[in-house]
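One letter stands for each residue in the lines below.
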Amino acid sequence: MAAALNGMDVYFSQPNLMLPGSGLAGRLLLPYIERLRNSFTCWQNRVGFMEQFRISRAESGFPVFQSVLELENDRNGAEKRLASIPEPDVLRSEMADFILRHREFPATLQTQMAERLYLQQIRKGEIFSPFVLPETIHVSVNPQNSRPVYVVTWGVFDGPQTLPMIYIATIEDSSENVGRLLVGPDGKLRDDVDIPLPIGGLLNPELATRFDDFIVRNGAYGLTPATIASNLDKDFETLHPKLLRRIVLGPFYSSGITENNARINDILSKVRRDENAWLMSWTMQEIFSKNERPASRGFFSSTPAVQEFHIETNDLEAARMGVSAYEKHALVPHEAYQALYAAGEATAIFGNYKVHVISGRQVVSEV
């Protein structure tokens, strides 16, 4: 997994890599990959003092959701637990003394050291929690209607599917308070308003808490992007979702550990070096608004503006996902790809995937 996350870092760090159809750089996904890396570092230390650690071997290849919940719970109590464990130098001294006096391995002291390292790491790093709350990462103004436009990102670790997901939404805001603050008389973003991006939460302070609550209720993998975007449009009269992207990370395939695809795992088991015996996949989904039905105001009733979202019904997979478009990607080490190719399985396995082969710090795409 460490090799896979490092490989994704390399891929999404490419200077010219843009997320499809968005104009947004792939680098905006890097903080979420770093959160995953911090989580796995914590779990690696946790293995040193826990009796068992469970992975969704037959499906996602990621740790089971209970491990994600435990990580979040332990983070909240890390300071108190650390106070009850001796400092690392003290533990090292006691371990050396124990070995010299008893000529045995200091298992109890090693367990304490592993727990201390785990708690220090969980306290230090930002982890991939069940819900990574939203950040506004970009602000502009739609010149056609003078509405402020936000690009907002957040993360969800889905429990039933044990898959981490990253959401990116482009949202117009017709709230009067934000319009007066951000938009100048010329219909452009005001120069005299300092916005220190990224900003935690939705930029509109009057809606930020409600928006946090919304993503907690509407982040599940079982909800299609079309459903989530429609719910957002319905729940917030002055927020107008123009584009919603969901990046589903996984499944992850690893020789000797996962059992989610017998054909892939059998070939990966023949890769000579363990650090190259893996394959990471991800799916990018998007739903966009093709039209906005304007709000209507009358004496007896009124209706808010409503988005009409495009679902690509000519593509059965897109229709099933509830999206306008999607892309499937696979990142695989060069040695593993060679094994798949030599077995004559590359075409059958990758099918409609965009394949990225990594060797060191170099990535070759569309193999």
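Let me sum up the structure you'll find in this document.

1. Examining the overall build of the chain
Piece 1. Counting its secondary structure elements, the chain contains 13 helices and 12 strands.
Piece 2. Looking at the chain as a whole, 50% of its 367 residues qualify as buried.
Piece 3. If you take every contact in the chain between residues at least 6 apart in sequence, the share linking residues at least 24 apart comes to 66%.
Piece 4. Counting every atom, the chain has about 18,600 Å² of accessible surface; 51% of that belongs to carbon and sulfur.
Piece 5. Each charge class in the chain can be summarised by its mean position, and for the 36 positive and 44 negative side chains these summaries are 2 Å apart.

2. Let's talk about the side chain of S56
Piece 1. Tracing the sequence through the fold places S56 in the loop between helix 2 (30-46) and helix 3 (65-76).
Piece 2. Since its relative accessible area comes to 11%, S56 is described here as buried.

3. Some remarks on the packing of helix 5 (residues 88-102) against helix 6 (residues 107-124)
Helix-helix packing is described using two parameters, namely the angle between the two axes and the distance between the axes.
Piece 1. For the pair helix 5 and helix 6, interaxial distance at closest approach is 10 Å and the crossing angle is 160 degrees. What the angle tells us is that helix 5 and helix 6 run roughly antiparallel. Considering only the axes of helix 5 and helix 6, their crossing is left-handed. Taken together, the residues of helix 6 that come into contact with helix 5 (itself represented by P88, L91, R92, E94, M95 and F98) are L109, Q110, Q112, M113, R116 and Q120.
Piece 2. Looking at the contact of helix 5 with helix 6, its residues break down into six nonpolar, three polar and three charged.

4. As for the pairing of strand 12 (residues 362-365)
Piece 1. Note that strand 11 (residues 353-359) and strand 12 share four bridges and pair antiparallel. Opposite H356, over in strand 12, you have S365 as the bridge partner.
Piece 2. A loop of two residues connects strand 11 with strand 12, the two strands running antiparallel in sequence, and G360 in this loop sits at a positive phi of about 65 degrees.

5. A word on the packing of aromatic side chains
Here the distance between the centres and the angle between the planes together describe a pair of aromatic rings.
Piece 1. Across all of its chains, the model carries 18 aromatic pairs by this definition.
Piece 2. For the ring pair W154 and F211, a centre distance of 5.6 Å and an interplane angle of 90 degrees mean the geometry is edge-to-face. With W154 in strand 2 (residues 147-158) and F211 in helix 8 (residues 208-217), the pair connects residues that are 57 residues apart, well separated along the chain.
Piece 3. On the basis of relative accessibility, which here comes to 2%, the residue W154 falls in the buried class.
Piece 4. Residue F211 is classed as buried on the basis of its relative accessible area of 0%.
Piece 5. With centroids separated by 5.9 Å and ring planes inclined at 80 degrees, the aromatic side chains of F214 and F236 adopt a geometry described as edge-to-face. Highlighted residues: F214 in helix 8 and F236 in the loop between helix 9 (225-235) and strand 5 (239-254), separated in sequence by 22 residues.

6. Considerations on the nonpolar core
Piece 1. In terms of nonpolar packing, the biggest core is built from 51 residues, with F12, L29, M280 and W282 touching the most fellow members.
Piece 2. In terms of residue count, the dominant contributor to this core is helix 2 (seven residues).
Piece 3. If near-sequence neighbours (up to four positions away) are discounted, L29 is found in contact with F12, L19, I166, I168, I247 and M284.

7. Re helix 1 (residues 2-12)
Piece 1. Of all the 11 residues making up helix 1, eight are buried; the element is thus mostly covered by neighbouring parts of the structure.
Piece 2. Every buried residue belonging to helix 1 is among A4, L5, G7, M8, D9, V10, Y11 and F12, and all of these are buried.
Piece 3. Where helix 1 is buried, its residues contact helix 2, strand 5, strand 6 (278-293), strand 10 (325-333), strand 11 and strand 12.

Criteria and thresholds
Residues numbered from 1 in each chain as written. Predicted model: local features only at pLDDT ≥ 70, side-chain atom pairs only at ≥ 80, totals over all residues. Heavy atoms only, no water. Helix = DSSP H or I, 4+ residues; strand = E, 2+ residues; numbered from the N terminus. Buried < 20%, exposed > 50% of the residue type's maximum accessible area, 1.4 Å probe, protein only. Contact = heavy atoms within 4.5 Å. Areas by Shrake-Rupley, 256 points an atom, 1.4 Å probe, with all protein chains shown as cover. Lys, Arg positive; Asp, Glu negative; His and termini not counted. Charge placed at Lys NZ, Arg CZ, Asp CG, Glu CD. Axes fitted to C-alpha atoms, helices over the stretch in contact; angles between N-to-C directions. Parallel < 35°, antiparallel > 145°, perpendicular 65-115°, else oblique. Left-handed = near helix turned anticlockwise from the far one by under 90°. Nonpolar A, V, L, I, M, F, W, Y, C, P; charged D, E, K, R; others polar. Pairing = 2+ DSSP bridges. Phe/Tyr/Trp six-rings, centres within 6.5 Å; stacked < 30°, edge-to-face > 60°. Core = buried A, V, L, I, M, F, W, Y, C linked by side-chain atoms within 4.5 Å.

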